[in-house]
Amino acid sequence: MVREVAMTLEHYPGMTENSIRKIAEEARSRWQVIDCTVIHRYGDLQPNDQIVLVAVASAHRGDAFAACEFIMDYLKTRAPFWKKEHASGGSRWVEAKSSDDDAAERWRLRQGSTKP
Amino acid sequence: MKVTVRFFASVKEQLGRELEEIEVPAGISTVGGLRAHLRARGGRWAEVLAETRRVTAAVNQDMVKPGAAIKPGDEVAFFPPVTGG
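What you see is a predicted model, and the numbers here were worked out from it, not measured in a lab.

Criteria and cut-off values
Residues numbered from 1 in each chain as written. Chains lettered and ligands numbered in written order. Predicted model: local features only at pLDDT ≥ 70, side-chain atom pairs only at ≥ 80, totals over all residues. Heavy atoms only, no water. Pairing = 2+ DSSP bridges. Helix = DSSP H or I, 4+ residues; strand = E, 2+ residues; numbered from the N terminus. Axes fitted to C-alpha atoms, helices over the stretch in contact; angles between N-to-C directions. Contact = heavy atoms within 4.5 Å. Buried area = accessible area lost by both parts, 1.4 Å probe. Salt bridge = Lys/Arg side-chain N within 4 Å of Asp/Glu carboxyl O. Polar contact = N/O pair within 3.5 Å; in protein donor to acceptor, adjacent residues only side chain to side chain. Core = buried A, V, L, I, M, F, W, Y, C linked by side-chain atoms within 4.5 Å. Buried < 20%, exposed > 50% of the residue type's maximum accessible area, 1.4 Å probe, protein only. Expected span 1.5 Å × (residues − 1).

Asks: I'd love a proper account of the sheet that holds strand 5 (residues 81-87) of chain A, names of residues and values included.
Replies: Residues and elements named next belong to chain A. The antiparallel open sheet is built from four strands, whose spatial order is 3-1-5-6. Only two strands of the sheet have a single partner each, and these edge strands are strand 3 (43-45) and strand 6 (90-93). With direction set aside, neighbouring strand axes in the sheet form an average angle of 20 degrees. In the sheet, strand 5 pairs with strand 6 via four bridges, with the strands oriented antiparallel. Within strand 6, the position partnered with E85 by the bridge is R92.

Have a look at this one:
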């Protein structure tokens, strides 16, 4: 995942980590997953920086792909992060868009909840 | 009762504050009540925490609805809708 503009990614220390842990546990309860690892950056990010890594191990690739997509959709929409983009004209907080929720909605995650 | 209130992202910036210990007056027992109490400070507080603004709340790091109860020692947070990573 790469971005074209510099940005600052703010998180809620404690809550963000716990919400990612919960979504990984949820993935493990839905699919046959041996283990998974999620790494997510926060703070100041430059264009083209890598931001996120989701690795899922499973005996079945279908389960691995589905669990990975599920976790990634959550991270992109519901995880407690706030983006502030820095362009030449100034900085602005990115507004939440309801269309962003479409991907997570497929997985029937409740809006505004850290819990699946 | 005393609670810790934290603010994040645009809410934090606009209020110019990220953490505050607040003595909550008797009679206020919910997150929505606390938000109204802070709004009553006027100025930026009235603006940023206006009912028309989309502000999300968390109690002890779980996102909650405005009717959620608060108790002494709780960590309450107010922030804009999350935008994901």
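Asks: If you had to explain the interface of chain B and chain A to someone new, which residues and values would you point to?
Replies: Contacts between the two partners involve 20 residues from chain B and, on the opposite side, 28 residues from chain A. Carbon and sulfur atoms make up 52% of the area that chain B and chain A hide from each other, which totals about 2,000 Å². Sorting the residues of chain B by area buried against chain A places Q61, T83 and G85 of chain B first, and these three jointly supply 35% of that buried surface. The salt bridge involving K84 of chain A is made with E13 of chain B; its shortest N-O contact spans 2.5 Å. Between chain B and chain A we count 14 residue pairs in polar contact (both at pLDDT 80 or more) in total. Mapped onto the side of chain B that touches chain A, the elements with two or more residues apiece are helix 1 (9-15), strand 4 (62-64) and strand 5 (75-79) of chain B.

Asks: Describe the sheet that holds strand 3 (residues 56-59) of chain B, and please don't skip the residues or the numbers.
Replies: Residues and elements named next belong to chain B. Spatially, 2-1-5-3-4 is the arrangement adopted by the five strands of the open sheet, whose pairing is mixed. The open sheet has two edge strands, strand 2 (19-23) and strand 4, and neither has a second partner. Between one strand axis and the next, the sheet turns through 30 degrees on average, direction left out of account. Sheet topology note: the strand 1 (residues 2-7)/strand 5 ladder contains four bridges and is parallel. What sits directly across from V5, in strand 5, is V76. Set on the sheet, helix 2 (residues 31-39) makes contact with strand 1, strand 2, strand 3, strand 4 and strand 5; between it and strand 5 the angle comes to about 65 degrees.

Asks: Please provide a residue-by-residue account of the pairing of strand 1 of chain B, values included.
Replies: Relative to strand 2 of chain B, strand 1 of chain B runs antiparallel, the two sharing five bridges. Counted as the bridge partner of R6 of chain B is L19 of chain B from strand 2 of chain B.

Asks: Describe in detail the nonpolar core, supporting the description with residues and values.
Replies: Residues and elements named next belong to chain A. Of all hydrophobic cores here, the largest spans 23 residues; its most connected members are W31, V56, I71 and L75. Put simply, the parts of the chain that give this core at least two residues each are strand 1 (6-11), helix 1 (15-30), strand 4 (52-57) and helix 2 (61-77). The dominant element in this core, judged by the number of residues it contributes, is helix 2, at seven residues. What V56 contacts, discounting residues up to four positions off in sequence, is V33, D35, C36, A64, A67, C68 and I71.

Asks: Go over the pattern of salt bridges with me, naming the residues and quoting the values.
Replies: Residues and elements named next belong to chain B. Evaluation of the coordinates by the stated rule reveals 11 salt bridges over all chains. Note that R6 and E75 form a salt bridge whose closest N and O atoms lie 3.5 Å from each other. Pair noted here: R6 is in strand 1 and E75 is in strand 5, with a separation of 69 residues, a long-range link. A cluster of three or more residues bridged by salt bridges with shared partners is formed by R17, E20 and R41.

Asks: Before we move on, could you go through helix 2 of chain A and cite the residues and values that matter?
Replies: With 17 residues, helix 2 of chain A ought to run about 24 Å at 1.5 Å a step, and its terminal C-alpha atoms sit 24 Å apart, in line with that. Taken together, the buried positions of helix 2 of chain A are occupied by D63, A64, A66, A67, F70, I71, D73, Y74, L75 and T77 of chain A.

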